[in-house]
Amino acid sequence: MQIVKDYGPITGESIAEKLNLTRATLRPDLAILTMAGYLEARPRVGYFYTGKTGTQLFADKIKKMKVEDYQSIPVVVNENVSVYDAIVTMFLEDVGTLFVVDDESLLAGVLSRKDLLRASLGKQELTAIPVNIIMTRMPNIAVCYKDDSLIDVAEQLIEKQIDAMPVVRKTEKGYEVIGRITKTNMTKAFVSLAKDDV
Ligand code: ADP
């Protein structure tokens, strides 16, 4: 790195010469430094020092984490199912947020644990109330896409004070739900960073 700092841009061949090594011996080291972001390789120009610190490179790595690599399978219910059935689904599927879809399987709303608890506080017959009465509905649903940066979605979860977001695909008719991103996925992503699994 010092050689590249002092002489860059410099070819792999020239670096090898300065170190009295063959180009082949040096290749893996250069590959690692390039992959880690400390050096950049330009074809026909050579290597140069990016000037990025470890902290900057770590931030770059975090920003490159994508929703699709951490998302879970979504659990959806139809908007006409009863609050009672939604509660049962939440227990059976072991999730904290359900996504509600219409008859065309397009996103219509979101049900959180507290939405269902609130509905249960009244004296209503839970088997008789459809979830579309109590859900948070479109267009007030915060959604994300599989190519979104995970950290941007994490920021939105904090900002909007919600636990989960549907991962959607946009169609002319509305949003298809293709995944689920929750605070648990964020915790897992955090752990994978520490284990260098990213
Ligand atoms: P809980 O209410 O169980 O703590 P949340 O914090 O996720 O769970 O939900 C808070 C409120 O925000 C609920 O009324 C819920 O319907 C709504 N909500 C949850 N997720 C979203 C979302 N992605 N977009 C808009 N509203 C949401």
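Residues numbered from 1 in each chain as written. Predicted model: local features only at pLDDT ≥ 70, side-chain atom pairs only at ≥ 80, totals over all residues. Heavy atoms only, no water.

1. Some points on the overall build of the protein chain
For the protein chain, the helix and strand inventory stands at eight helices and eight strands. Computed over C-alpha atoms, the radius of gyration of the protein chain comes to 25 Å, more than 25% over the 16 Å expected from 2.2 N^0.38 for 198 residues, which places it beyond the range of a compact globule. Projecting the C-alpha coordinates of the protein chain onto the three principal axes gives extents of approximately 85 × 35 × 25 Å. By residue count, 37% of the 198 residues in the protein chain fall in the buried class. Long-range contacts, defined here as pairs at least 24 residues apart, represent 55% of the contacts in the protein chain between residues at least 6 apart. A total of about 12400 Å² of accessible surface is found on the protein chain, and carbon and sulfur atoms cover 53% of it. Across the protein chain, 25 positive and 27 negative side-chain charges occur, with their mean positions spaced 5 Å apart. (Helix = DSSP H or I, 4+ residues; strand = E, 2+ residues; numbered from the N terminus. Rg over C-alpha atoms; globule rule 2.2 N^0.38 Å. Buried < 20%, exposed > 50% of the residue type's maximum accessible area, 1.4 Å probe, protein only. Contact = heavy atoms within 4.5 Å. Areas by Shrake-Rupley, 256 points an atom, 1.4 Å probe, with all protein chains shown as cover. Lys, Arg positive; Asp, Glu negative; His and termini not counted. Charge placed at Lys NZ, Arg CZ, Asp CG, Glu CD.)

2. Comments concerning the pattern of salt bridges
Applying the stated rule across the entire model yields seven salt bridges. Of the charged contacts in the structure, one is a salt bridge between D147 and K146, with a shortest N-O distance of 3.8 Å. (Salt bridge = Lys/Arg side-chain N within 4 Å of Asp/Glu carboxyl O.)

3. A few points about the side chain of N185
Structurally, the position occupied by N185 is in helix 8 (residues 183–194). A polar side-chain atom of N185 sits 2.7 Å from the main-chain amide nitrogen of T182. (Polar contact = N/O pair within 3.5 Å; in protein donor to acceptor, adjacent residues only side chain to side chain.)

4. Topic: the packing of helix 7 (residues 150–160) against helix 8
Relative orientation of the contacting elements helix 7 and helix 8 amounts to 135°, with a least axis distance of 11 Å. In this view, helix 7 runs oblique relative to helix 8, as classed from their interaxial angle. Two packed elements cross with a definite hand, and for helix 7 against helix 8 that hand is left-handed. Contact with helix 7, carried on its side by L150, V153, A154 and L157, involves K183, M186 and A189 of helix 8 and no other residues of that element. In terms of residue class, the contact of helix 7 with helix 8 is made up of six nonpolar, no polar and one charged. (Axes fitted to C-alpha atoms, helices over the stretch in contact; angles between N-to-C directions. Parallel < 35°, antiparallel > 145°, perpendicular 65-115°, else oblique. Left-handed = near helix turned anticlockwise from the far one by under 90°. Nonpolar A, V, L, I, M, F, W, Y, C, P; charged D, E, K, R; others polar.)

5. Things to note about the UniProt feature "domain: CBS" (unreviewed entry) in the protein chain
Listed under "domain: CBS" (unreviewed entry) in the UniProt record, and renumbered for this structure, are residues 70–129 and 135–198. Strand forms 23% of residues 70–129 and helix 33%; the C-alpha atoms that close the span are 34 Å apart. (UniProt positions renumbered as here; feature names shortened; annotations may be inferred.)

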